[in-house]
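Observations on chain architecture
The lines below spell out each chain.
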Amino acid sequence: MSVKYNFCAGPAMLPPPVMAKAQQELLDWNGLGVSVMEISHRSSEFIALAKQAEADLRELMSIPDNYHVLFMHGGGRGQFAAVVNNFLGDKGRALYLVSGQWSKSAMEEARKLAGDCQIDALNIVENINGINTVVMPALKGSGDEYRYLHYCPNETVDGIEIFDEITSPWPIVADLSSTIMSRELDVSRYGLIYAGAQKNIGPSGLAIVIVRKDMLELPQMPQASIMDYRLCAEHDSMFNTPPTFAWYLAAEVFTWLKGIGGVKAMEAINKEKAARLYACIDKLDFYRNGVAVANRSRMNVTFQLADESLDKAFLTEAEAKGLLALKGHRIVGGMRASLYNAMPLDGVDALVTFMEEFAARHA
Ligand SMILES: *Cc1c(COP(=O)(O)O)cnc(C)c1O
């Protein structure tokens, strides 16, 4: 098989050494003679894996002791509902910052479930001379006005990232699905962090939740037990059968990330990857990115061809070169190269070489 680089936005590529190890261990994990998929989640072997995974994640993200780490079902969207159901009981109010497709979806899900509670929304992206720019308002008010403020630091579809940590009088709930562990972050600033796994963590279906313990005292709404943070925390994420294979793979990804030097080392590589691709886009009039420089996503680089009629040829020729899944999200069109942690610098270099060559040929 010739080298392929998979730029899919999610489920995304996983680190090749992790995939090779999983393949090797698939039929016989830990010398048990069976797969990790086929053992009880309550077995001592699996519990040891679960504990190690949590310890590694705590180390990678410097998660303080006053936070629970939960391994839950239902991916990112499951958490859109869970935060509402867990925090807005008894007519609570919440504020949603809208910066693109995912934060908008989170806000819409909240409104759908709101019942007697109130969901306010604030659009924070302005189109200034054709360039999408994040304009962060001063977040002021009394601390009990909202139970939480929800935002999405990296908009996977739009290619917009908010790098500055925000300051808010209300606990911050952040959807980190597509940016978790791609750069350093101060967990102690957040009330809750969640991430669907399929971008930077492991297979889809799993969600990681990092929640400050005092947040669990907020009034809940009636909800499915498996989405209840308190039950999940009390039962070490094993109230029901967890997605064990996804958990195992996540654990392997954490080990891999520690091996390359942790989040700090990864951040330096991610900066370099994004810088090389944006430099190519900016250098050639053939391509265009419509996001303000300060808000350009490191994980999801969106770009358009100046001549849209070449989109199809671009994608077909890229694929022939082993550069896969570059088509932009159907809502925004154009192209998108997702450069999650697992994407090596070589993949970006191969893409840049192809883009230069394609532009020269079609100039
Ligand atoms: C992918 C993604 C989601 C949705 O995740 P699912 O697991 O498909 O529900 C939510 N938020 C962001 C920022 C994402 O990138």
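Everything numeric here is computed off the predicted structure, so don't read it as measured data.

1. Section: the domain arrangement of the chain
Assigned domains within the chain: domain 1 (25-259) and domain 2 (262-362). On a C-alpha basis, the centroid separation for the pair domain 1 and domain 2 is 27 Å. The partner domain 2 presents 26 residues to the 27 residues of domain 1 that form the contact. Both sides of the domain 1 and domain 2 interface together cover about 2,300 Å² of buried area, and 53% of this is carbon and sulfur. Taken together, the connections running from domain 1 to domain 2 amount to zero salt bridges. Taken together, the links from domain 1 to domain 2 amount to 15 residue pairs in polar contact (both at pLDDT 80 or more). Those elements that provide at least two residues to the side of domain 1 that touches domain 2 are β6 (131-134), β9 (160-161) and α6 (244-259). Top element by residues in the side of domain 1 that touches domain 2 is β6. It accounts for four residues. Here the side of domain 1 that touches domain 2 is built from residues that sort into ten nonpolar, eleven polar and six charged.

2. Section: the layout of surface pockets
If you add up the space inside the largest pocket, you get close to 290 Å³. It is helix α2 (residues 44-61) that contributes the most residues to the lining of the largest pocket, five residues altogether. Its residues assigned to classes, the lining of the largest pocket comprises eight nonpolar, three polar and five charged.

3. A short note on the sheet that holds strand β10 (residues 172-175)
Here seven strands make up an open sheet; going across it, the order is β2-β12-β11-β10-β7-β3-β4 and the pairing mixed. The open sheet has two edge strands, β2 (67-73) and β4 (118-123), and neither has a second partner. Going across the sheet, the axis of each strand differs from the next one's by a mean of 20°, ignoring polarity. Looking at chain direction, strand β11 (residues 192-196) and strand β12 (residues 206-212) are connected through five bridges and run antiparallel. Its bridge partner lying in β12, Tyr194 is registered against Val209. Where α2 meets the sheet, it contacts β2 and β12, and its direction lies at approximately 120° from that of β2. On top of the sheet, helix α4 (residues 101-113) reaches β3 (93-98), β4, β7 (148-151), β10 and β11; it is set at about 155° to β3, its chief contact.

4. Brief notes about the nonpolar core
For soluble globular proteins, the rule of thumb is that nonpolar side chains tend to be buried together. Counting residues in each nonpolar core, the largest one holds 58 residues, and the members touching the most others are Met181, Ile201 and Phe254. The greatest single-element share of this core, amounting to ten residues, is contributed by α6. For this core, the two domains that each supply at least three residues are domain 1 (25-259) and domain 2 (262-362). Residues Met215, Leu218, Met227 and Tyr229 belong to the second largest nonpolar core, which totals 31 residues.

5. Remarks on the sheet that holds strand β14 (residues 300-305)
Ordered by their spatial adjacency, three strands build an open sheet running β13-β14-β16, and the pairing between neighbours is antiparallel. For this open sheet the edge positions go to β13 (287-288) and β16 (335-338), each flanked by a neighbour on one side alone.

6. What about the pattern of salt bridges?
Inspection of the entire model under this criterion finds 17 salt bridges. Notably, a salt bridge pairs Glu59 with Lys258, separated by 3.4 Å at the nearest N-O pair. Taken together, the residues Glu59 in helix α2 and Lys258 in helix α6 connect sequence positions 199 residues apart. Assessed through its relative accessible area of 31%, Lys258 is described here as partly exposed. Here Glu272 ties to Arg276 by a salt bridge, and the two come within 2.6 Å at their closest N and O atoms. Within this pair, Glu272 and its partner Arg276 are both found in helix α7 (residues 262-283), separated by four residues, close to a single helical turn. By relative accessible area, which is 34% here, Glu272 ends up partly exposed. One salt-bridge network, held together by shared partners, links Lys21, Glu25 and Glu252.

7. Section: the packing of helix α8 (residues 311-320) against helix α9 (residues 345-362)
To describe two helices that pack against each other, one gives the angle between their axes and the distance between the axes. One way to put it is that α8 packs onto α9 with a least axis distance of 11 Å and a crossing angle of 135°. The orientation of α8 relative to α9 falls into the category oblique. Note on packing geometry: the crossing formed by α8 with α9 is right-handed. Contacts between α8 and α9 involve Ala313, Phe314, Glu317 and Ala318 on the former and, on the latter, Phe354, Met355, Phe358, Arg361 and His362. Partitioned by chemical class, the residues of the contact of α8 with α9 number six nonpolar, one polar and two charged.

8. Quick word on the UniProt feature "binding site: pyridoxal 5'-phosphate" (unreviewed entry) in the chain
The UniProt record marks Gly76, Arg77, Trp102, Thr156, Asp175, Gln198, Asn240 and Thr241 with the feature "binding site: pyridoxal 5'-phosphate" (unreviewed entry), using the residue numbering of this structure. The largest pairwise C-alpha distance within this set of annotated residues, which runs over 166 residues, is 30.4 Å, so the set is dispersed in three dimensions. Lining the largest cavity, from the set of annotated residues above, are Asn240. Mapped onto the elements, Gln198 comes out in the loop between β11 and β12. For Gln198, a relative accessible area of 17% corresponds to the buried category. Discounting residues that sit within four places of it in the chain, Gln198 has contacts with Gly10, Pro11, Ala12, Pro203 and Ser204. Tracing the backbone through its elements, the reader meets Asn240 in the loop between α5 (229-234) and α6.

The rules behind each value
Residues numbered from 1 in each chain as written. Predicted model: local features only at pLDDT ≥ 70, side-chain atom pairs only at ≥ 80, totals over all residues. Heavy atoms only, no water. Domains from an automatic or database assignment. Contact = heavy atoms within 4.5 Å. Buried area = accessible area lost by both parts, 1.4 Å probe. Salt bridge = Lys/Arg side-chain N within 4 Å of Asp/Glu carboxyl O. Polar contact = N/O pair within 3.5 Å; in protein donor to acceptor, adjacent residues only side chain to side chain. Helix = DSSP H or I, 4+ residues; strand = E, 2+ residues; numbered from the N terminus. Nonpolar A, V, L, I, M, F, W, Y, C, P; charged D, E, K, R; others polar. 1 Å grid on protein atoms, 1.4 Å probe; cavity = no way out; pocket = protein on both sides within 12 Å on 5 of 7 lines; lining within 4 Å. Points joined across faces, edges and corners; volume = space filled by probe spheres on them. Pairing = 2+ DSSP bridges. Axes fitted to C-alpha atoms, helices over the stretch in contact; angles between N-to-C directions. Core = buried A, V, L, I, M, F, W, Y, C linked by side-chain atoms within 4.5 Å. Buried < 20%, exposed > 50% of the residue type's maximum accessible area, 1.4 Å probe, protein only. Parallel < 35°, antiparallel > 145°, perpendicular 65-115°, else oblique. Left-handed = near helix turned anticlockwise from the far one by under 90°. UniProt positions renumbered as here; feature names shortened; annotations may be inferred.

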